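These are the residues of each chain, in order.
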Amino acid sequence: MSDVLSHFLVKGRVMGLLSLRGDWAFQSPENNEAVFHLVSKGSVLITFKGKTTRLHEGDMAFFTQGHAHILSSASDAPFVTFSEEDTQVSAHSVQGGQVHNIVKGGNGPETSLICVRFDFGSERTVEFGNTLPDQLVLRRESDDTSQWVDPLLRRIAKEASTQAPGALAALDGLLNLLFIHFMRQWLKTPTSHHLGWIRGLQDPNISKALRLLHADPAHNWSVRELAVKVGMSRSNFAARFALLTGEPPLRYLTHWRMHLAMRMLRKDPIRPIYDIAASVGYDSEASFSAAFKRQTGKPPGAWRKDTLLEFTSRSKSA
């Protein structure tokens, strides 16, 4: 899991810093990006698919598929549009992202929220995100954890309110740290045990096979060799691996190799493709290119060029 989480690249593109008083309710609309809410002060009701959950200070909610949901101060609270006279809204660009500072006046205690819409940054991590439930909730933990989470939240709010150079890079780094913390803690909860891909990590034999594949992805693995190393018959191992992870062992290996290759192509624009191919277990550039195109729809050279052009375009627009 450490290996998988180390490859996550959460990219926040829209952030809301909300300070709300009185009665209020608003909808987070349907979109194709993940949505993350953290209660930094007070409490909030979140209604999703007819079920309402109350979050308190320090609690977090994560909507992996960006499904629409409602946030409110109470179940019967009136909806606001953030264009009312008692609501102040300001927005500024943070190097390609948007930060919205929203203040709503009224009587009663204040609720402060940090809301982020983001993407996962790579196809493999998108696949991982797709294995998660639509909604994840993590309750505030011990005081020991809050000692470093609370300063992190204050830093996120500070970076989001500035237009200084490098603000988006700093925000992305902070959000990645917060997201990894969220996933580490959530994976300890009993609700995570039913997930197919993650169940593979919780099975002693399949977990050992996953560690072998991640430790040496360039090795010419066979299903038989993996089965022998984990102490199972070939047929039982193949069937159990597919049942728990959702795909056969060698297909999993291919997907992981392609994810590693995409990371190398993105990070090192001058590294020869044949060298990348060899580092992920391919004897020839042609066979690697064919496998890469099957997964991404583009040969590696074209994929790297398009990725660099997209990055350059975002930088210029910032």
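This text follows the structure it describes.
A. Representation of the overall build of the protein chain within the structure. Looking only at helices and strands, the protein chain features 12 helices and 11 strands. Restricting the contact set of the protein chain to residue pairs at least 6 apart, pairs at least 24 apart contribute 72%. For the protein chain, the accessible area works out to roughly 15500 Å², and carbon and sulfur atoms hold 53% of it.

B. Geometry of the nonpolar core. Counting residues in each nonpolar core, the largest one holds 31 residues, and the members touching the most others are L213, F237, F241, Y282, F288 and F292. Mapped by element, the contributors of at least two residues to this core are α6 (204-215), α7 (223-230), α8 (234-245), α9 (249-267), α10 (273-279) and α11 (285-296). Of all the elements, α9 adds the most residues to this core, at 9 residues. A34, L38, V149 and L152 belong to the second largest nonpolar core, which has 28 residues in total.

C. Just the packing of α6 against α7, in detail. The contact between α6 and α7 brings their axes to 9 Å, and the two run at 125 degrees. Considered as vectors, α6 and α7 are oriented oblique to each other. The two elements α6 and α7 cross, and the hand of that crossing is right-handed. Here N205, K208, A209, L212 and L213 of α6 come into contact with α7, specifically with L226, K229 and V230. For the contact of α6 with α7, the per-class residue count stands at 5 nonpolar, 1 polar and 2 charged.

D. How the structure looks around the pairing of strand β4 (residues 43-48). Sheet analysis places β4 next to strand β5 (residues 51-56), joined by 6 bridges and oriented antiparallel. In the strand pairing of β5, S43 is matched with H56. Between β4 and the antiparallel strand that follows it, β5, lie 2 residues; K49 among them carries a positive phi value of about 50 degrees.

E. Region of interest: the environment of M258. Along the chain, M258 falls in helix α9. We classify M258 as buried; its relative accessible area is 0%. The spatial distance from the C-alpha of M258 to the C-alpha of V280 is 8.0 Å, given a sequence separation of 22 residues. Beyond its immediate sequence surroundings of up to four residues, M258 is in contact with Y282, F288, A291, F292 and Q295.

F. Broad picture of α7. Listed in full, the buried residues belonging to α7 are V223, L226, A227 and V230. One side of α7 carries all its buried residues, which in axial view fall inside an arc of 100 degrees. For α7, the exposed residues set more than 90 degrees away from the buried face come down to R224 and V228. Buried residues along α7 sit in contact with α6, α8 and α9.

G. Structural detail: the environment of F26. Summarising the element assignment, F26 is placed in strand β2 (residues 25-28). In this structure, F26 is in contact with L18, L20, H69, I70, L71, F79, V80 and F82, ignoring residues within four places of it in sequence.

The rules behind these values
Residues numbered from 1 in each chain as written. Predicted model: local features only at pLDDT ≥ 70, side-chain atom pairs only at ≥ 80, totals over all residues. Heavy atoms only, no water. Helix = DSSP H or I, 4+ residues; strand = E, 2+ residues; numbered from the N terminus. Contact = heavy atoms within 4.5 Å. Areas by Shrake-Rupley, 256 points an atom, 1.4 Å probe, with all protein chains shown as cover. Core = buried A, V, L, I, M, F, W, Y, C linked by side-chain atoms within 4.5 Å. Buried < 20%, exposed > 50% of the residue type's maximum accessible area, 1.4 Å probe, protein only. Axes fitted to C-alpha atoms, helices over the stretch in contact; angles between N-to-C directions. Parallel < 35°, antiparallel > 145°, perpendicular 65-115°, else oblique. Left-handed = near helix turned anticlockwise from the far one by under 90°. Nonpolar A, V, L, I, M, F, W, Y, C, P; charged D, E, K, R; others polar. Pairing = 2+ DSSP bridges. Arc of directions from axis to C-beta.

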